[in-house]
Amino acid sequence: MEADEGLILNVSSLPSPESHHSAGHKRCRKPLPGKDKWQPKALKRKLQWADEGAPSKQKHKLSVSPIKKCTKEANICVKGNLSSKSPPKKHSVDRQNESLSSRPFIKTSCLFKNNPEIPEIRRGGVKQVQEKVFTSDSFSQLDLHPHLVSTITTVLKLSSMTSVQKQTIPVLLKGKDALVRSQTGSGKTLAYGIPLVQSLQGMKSKIQRSDGPYALILVPTRELALQSFDTVQKLLKPFTWIVPGVLMGGEKRKSEKARLRKGINILISTPGRLIDHIKSTKCIHFRRIQWLIMDEADRILDMGFEKDVTVILNALNAESERRQNVLLSATLTEGVTRLADISLHDPVSIAIVDETWDRTTPEQEAMCSPARMVEEGFAIPEKLKQHVVLVPSKLRLVTLAAFILGKCKFEKRHKMIVFFSSCEQVEFHCKLLLKILLGGRKAEEPERLPLPPSHLKFLRLHGNMEQEERTAVFQEFLQCKTGILLCTDVAARGLDLPQVTWIVQYNAPASPAEYVHRIGRTARIGCHGNSLLVLTPSEAEYVNSLASHKINVSEMKMEDILSSLMKDDRFKGRQWGNKKSRGVNPQEVRERATVLQTEFENYVHSSEGTVRWAKKALQSFLRSYTTYPKTLKHIFHIKSLHLGHVAKSFGLRDAPQNLSTSMAASPGKKTKLKPKRPDLRRKTQGKRCLAEILRSEYSSGMDSGVSKVKRKKKHGKPGNQKMLT
Ligand SMILES: Nc1ncnc2c1ncn2[C@@H]1O[C@H](COP(=O)(O)OP(=O)(O)OP(=O)(O)O)[C@@H](O)[C@H]1O
């Protein structure tokens, strides 16, 4: 079946979306009650210079203007015979055209036909929460050991404190517990790292390595564990008797055990790995624990980690009496206030509200109550410019490719991170883009991807990679000045990757909080940065969802992104021959996009293996699409996907009919998502799927299993300490 004639997934057996989700694309035009500012409203704009028509088999019909026929050129592109109507002049065939003419003609359905209309996004006056990053106060103003101050100024090369450091360090130096929220890239690591080191170096009886842990720092991912370890290690430079160590999975349990036995005083770990040592190896004790720090506390709590955290808190409580506890994140959710209730003792809540914040008035104090911090919305770095682009499913792949080419090949040096919703998609897109955008140089190498001598360096990072490779990629991207990292949410939290200029979210995140963390990999510590969220027209309402959290995005036009292809003559249509392009000719842009899509499709269909691989990526995308939370199901529901169009964005010409664990059984037939394991066939399946996916991203690398990811049904209610004992 031709992709254009693809299926609408009929998944009536899946939980149905919210009741108002019944009008497919129409939905985007409906005003939402109480949301007057961000409405796409009834204003629709046709896909400019695209020949439109209502999707032939769209389940939800669109109220659009009558179908226009494809123009001649568009018809040409439907047939894939770019030269048949206007062949290049005989004598002007250069080498490039020779290579173009040698391309096999494959039937590529018109990319610009039968797409849903793109609704208008109206920018409203959402006032984002802003924080002032820096203060003029220096670290020497704090009551710190002089060697610590000189390490901060000479090793870390920092002069003045950031706002969150100015607020947090004195509170922690006083021995108080704290709940800290400040925007991404504002220096939270040092906000807890400095008082931690100050307190441990000053202990009356000097710390011995063999004493074991005095401090436990919990972080959600291995890369963040490594990064935090690196910062703590730097701070400890003058205090060599205090030994930091990291447990993060991927390493042999035996060697970790040996390191634990030797002694680690500041232990940095992912929850899963720590649990493993608490439960199985029993070579860890918490007799002297004085500090518990949970960085990215809301993430730690998400999807199955809650139970792990409870086990850890129980283990700590059983062995140590009083300790200082700190929870930090750029996004505090209700879950964190629950965690705060069970883990913090009379905490000080710190939120960098605005420049005038000084906590001297009861009103301003109240601004920082945990509940208020949750309600308030998320602060976004001031110099982060956020964009959204609405792209019909069929055009997603070429739009992504054009965006990468435009920024990383034809503009000044850019360093970019592209987020996907599954490991398989990262693998697939990395290889495909490398192959096609770099002209196929060495792309067949299955293991280590080559480092081409251009700004188009593609790297990938996800939870299914071996730890050794994960660490190597992380280090490489950390150090490189340009390049494109394709990744899952494993890289969304906490990572401090310098000079990242663009964040692309190719798949929308599951929550506004994750959106904030993903984009927070750029514009750190007062720098400039940009982000682009790619949505399909039926997902346009997500912009409203972000706006309700005071997140303000401006629209970028797909046409503008695609026009970068005019700079790349590899994708020149044949009938344009040697003609020099003057300006941006929309028709030519469309043809180039079609040539590029054809290249993708040719590669994907070059072997059974590549087709299988594309299907696997498509399947993982569909599966992840079913796992959006209930609150977003009216926007991201599998029923609104057009399988044929989505397949095209994976370079597949046809809507697959035989996906294993199949979403699509056969054309026209009702399909349902079959769980891999029969015992998972329950109502909560979607949640579990997500839990499993997340687990694979964040797990210790040793533990797995469904029981681990079950959300604890009964949360400890605020103040309920029972669960800990
Ligand atoms: N006082 C300071 N002056 C200048 N740079 C600083 C200062 N404190 C920290 N930084 C730098 O700012 C960057 C971001 O810090 P950090 O990773 O701790 O941010 P964060 O608030 O934890 O971000 P996220 O919420 O994304 O985890 C780091 O490169 C760090 O070295």
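This text follows the structure it describes.
Fair warning: this is a prediction, and the values are worked out from it, not measured in the lab.

Draft legend 1. Highlighting helix α14 (residues 396–409). A rise of 1.5 Å per residue sets the reference length of α14, with its 14 residues, at 20 Å; its end C-alpha atoms lie 19 Å apart and thus fit the reference within 8%. Among the 14 residues of α14, 13 are classified as buried, and the element is accordingly described as predominantly covered.

Draft legend 2. View of the sheet that holds strand β14 (residues 458–461). Spatial strand order, β14-β15-β13-β16-β17-β12-β18: seven strands in an open sheet with parallel pairing. The sheet is open, and its two edges are formed by β14 and β18 (554–555), each paired on a single side. Sheet topology places strand β13 (residues 415–419) next to strand β16 (residues 502–505); four bridges connect them, and they run parallel. Its bridge partner lying in β16, Val418 is registered against Val504.

Draft legend 3. How the structure looks around the nonpolar core. Ranked by internal contacts, the top residues of the largest apolar core, which has 90 residues, are Leu437, Phe458, Tyr542 and Leu562. By residue number, the principal contributor to this core is α14, which donates nine residues. Contacts of Leu437, omitting those with residues within four sequence positions, involve Ala401, Ile404, Leu405, Leu456, Phe458, Arg570, Phe571 and Leu596. Counting residues in each nonpolar core, the second largest holds 65 residues, with Val180, Ile194, Ala215 and Ile242 among its members.

Draft legend 4. Region of interest: the site of the ligand. The environment of the ligand is formed by 21 residues, the closest being Gln165, Gly185, Lys188, Thr189 and Asp496. Here a nitrogen atom of the ligand sits 2.8 Å away from a polar atom, N or O, in the main chain of Ser160. At 2.8 Å from an oxygen atom of the ligand is found a main-chain nitrogen or oxygen belonging to Gly185. Coverage of the ligand by the protein amounts to 85% of the 640 Å² it exposes when considered alone. Under a 2 Å grid-point criterion requiring more than half of the atoms, the pocket assigned to the ligand is the second largest pocket. Elements supplying a minimum of two residues to the shell around the ligand: β4 (160–162) and α5 (188–201). Residue classes in the shell around the ligand are distributed as six nonpolar, ten polar and five charged.

Draft legend 5. Broad picture of the pairing of strand β8 (residues 266–269). Every second residue of β8 is oriented toward a common face, with Ile266 and Ile268 on one face and Leu267 and Ser269 on the other, all of them buried. Direction of pairing for strand β6 (residues 215–218) relative to β8: parallel, over a ladder of four bridges. Across the sheet, residue Leu218 finds its bridge partner in β8, namely Ser269. As paired strands, strand β7 (residues 244–247) and β8 are joined by four bridges and run parallel to one another. Counted as the bridge partner of Leu247 is Ser269 from β8. Handedness of the β7-helix α7 (residues 253–262)-β8 crossover: right-handed.

Draft legend 6. Expanded view of the pattern of salt bridges. Overall, the coordinates contain 24 salt bridges when judged by the stated rule. The residue Arg493 makes a salt bridge to Glu296 at a minimum N-O spacing of 3.0 Å. One end of the pair, Arg493, is in the loop between β15 (483–487) and β16; the other, Glu296, is in the loop between β9 (291–295) and α9 (297–301), with 197 residues separating them in the sequence. As far as the burial class goes, Arg493 and Glu296 line up, both buried. Across the pair Asp298 and Arg493 runs a salt bridge whose closest N-O atoms are separated by 2.8 Å. Pair noted here: Asp298 is in helix α9 and Arg493 is in the loop between β15 and β16, with a separation of 195 residues, a long-range link. Each of the two residues, Asp298 as well as Arg493, counts as buried. Connected through shared salt-bridge partners, Glu296, Asp298, Arg299, Arg493 and Glu514 make up one network.

Draft legend 7. Focus on the layout of surface pockets. Of the voids in this model, the second largest pocket is the one considered here, and its volume is about 1,100 Å³. Around the second largest pocket sit 44 residues that line it, and Gln227, Thr231, Asp496, Arg524 and Ile525 are the ones nearest its centre. Looking at the lining of the second largest pocket, the elements with two or more residues in it are β4, α5, α6 (222–235) and α16 (467–479). Taken together, the residues of the lining of the second largest pocket sort by class into 17 nonpolar, 18 polar and nine charged.

Draft legend 8. The arrangement of the sheet that holds β9 in detail. One open sheet accounts for seven strands, arranged β7-β8-β6-β9-β10-β5-β11; its pairing is parallel. The open sheet is flanked by β7 and β11 (348–351), the only strands paired with a single partner. The sheet shows a mean angle of 15° between the axes of neighbouring strands, taken without regard to direction. Across four bridges, strand β5 (residues 178–181) lies against strand β10 (residues 324–329) in parallel orientation. Paired with Leu179 across the bridge in β10 is Leu327.

Draft legend 9. Layout of unusual backbone geometry. In this model, Lys157 sits at a positive phi of 55°, which is unusual for a non-glycine residue. Structurally, Lys157 can be placed in the loop between α3 (146–155) and β4. Residue classification places Lys157 among the exposed residues on the basis of a relative accessible area of 64%. The phi torsion at Gln499 lies on the positive side, around 65°, for a residue other than glycine. Among the structural elements, Gln499 can be located in the loop between β15 and β16.

Conventions used here
- Throughout, a residue's number is its position along its own chain's written sequence, starting from 1.
- Selection of residues for local features in this predicted model requires a pLDDT of at least 70, selection of side-chain atom pairs for listing and counting requires 80 or more, and totals for whole chains, interfaces and linings are taken over all residues.
- Working from all heavy atoms in the structure, the side-chain values ignore hydrogens and water.
- What counts as a helix is a DSSP run of H or I of at least four residues, what counts as a strand is a run of E of at least two, and both are numbered from the N terminus.
- Expected helix span is computed as 1.5 Å times (number of residues minus one).
- For the exposure calls, accessible area comes from a 1.4 Å probe over protein chains only, and a residue counts as buried if that area is under 20% of its type's maximum, exposed if over 50%, partly exposed in between.
- Paired strands, in this sense, are two strands between which DSSP finds at least two bridges.
- Take the buried residues of types Ala, Val, Leu, Ile, Met, Phe, Trp, Tyr and Cys, join any two whose side-chain atoms come within 4.5 Å, and each joined set is a nonpolar core.
- Contacts: residue pairs with any heavy atoms within 4.5 Å of one another.
- Being near a molecule or strand, for a residue, comes down to having at least one heavy atom within 4 Å of it.
- Pairs of N or O atoms are called polar contacts if they sit within 3.5 Å, as long as, within protein, a hydrogen donor faces a hydrogen acceptor (for residues adjacent in sequence, only side-chain-to-side-chain pairs).
- Only the protein chains shown count as cover for residues, and all accessible areas are computed by the Shrake-Rupley method using a 1.4 Å probe.
- A cavity, in this analysis, means grid points on a 1 Å lattice covering only the protein atoms where a 1.4 Å probe fits yet has no way out; a pocket is instead an open set bounded by protein on both sides within 12 Å along at least five of seven lines, and a residue lines either one if it has an atom within 4 Å of a point.
- A molecule is counted as occupying a cavity or pocket when more than half of its atoms fall within 2 Å of that pocket's grid points.
- When residues are sorted by character, Ala, Val, Leu, Ile, Met, Phe, Trp, Tyr, Cys and Pro go into the nonpolar class, Asp, Glu, Lys and Arg into the charged class, and all the rest, Gly among them, into the polar class.
- We call a crossover right-handed when, viewed with the strands running away from us, the connection from the first strand over the helix to the second turns clockwise.
- Salt bridge criterion: a side-chain nitrogen from Lys or Arg within 4 Å of a carboxyl oxygen from Asp or Glu.
- Grid points are joined across faces, edges and corners, and a volume is the space filled by probe spheres set on the points.
- Note on geometry: axes are lines fitted to C-alpha atoms, helical ones only across the stretch in contact, with angles between N-to-C directions running from 0 to 180 degrees.

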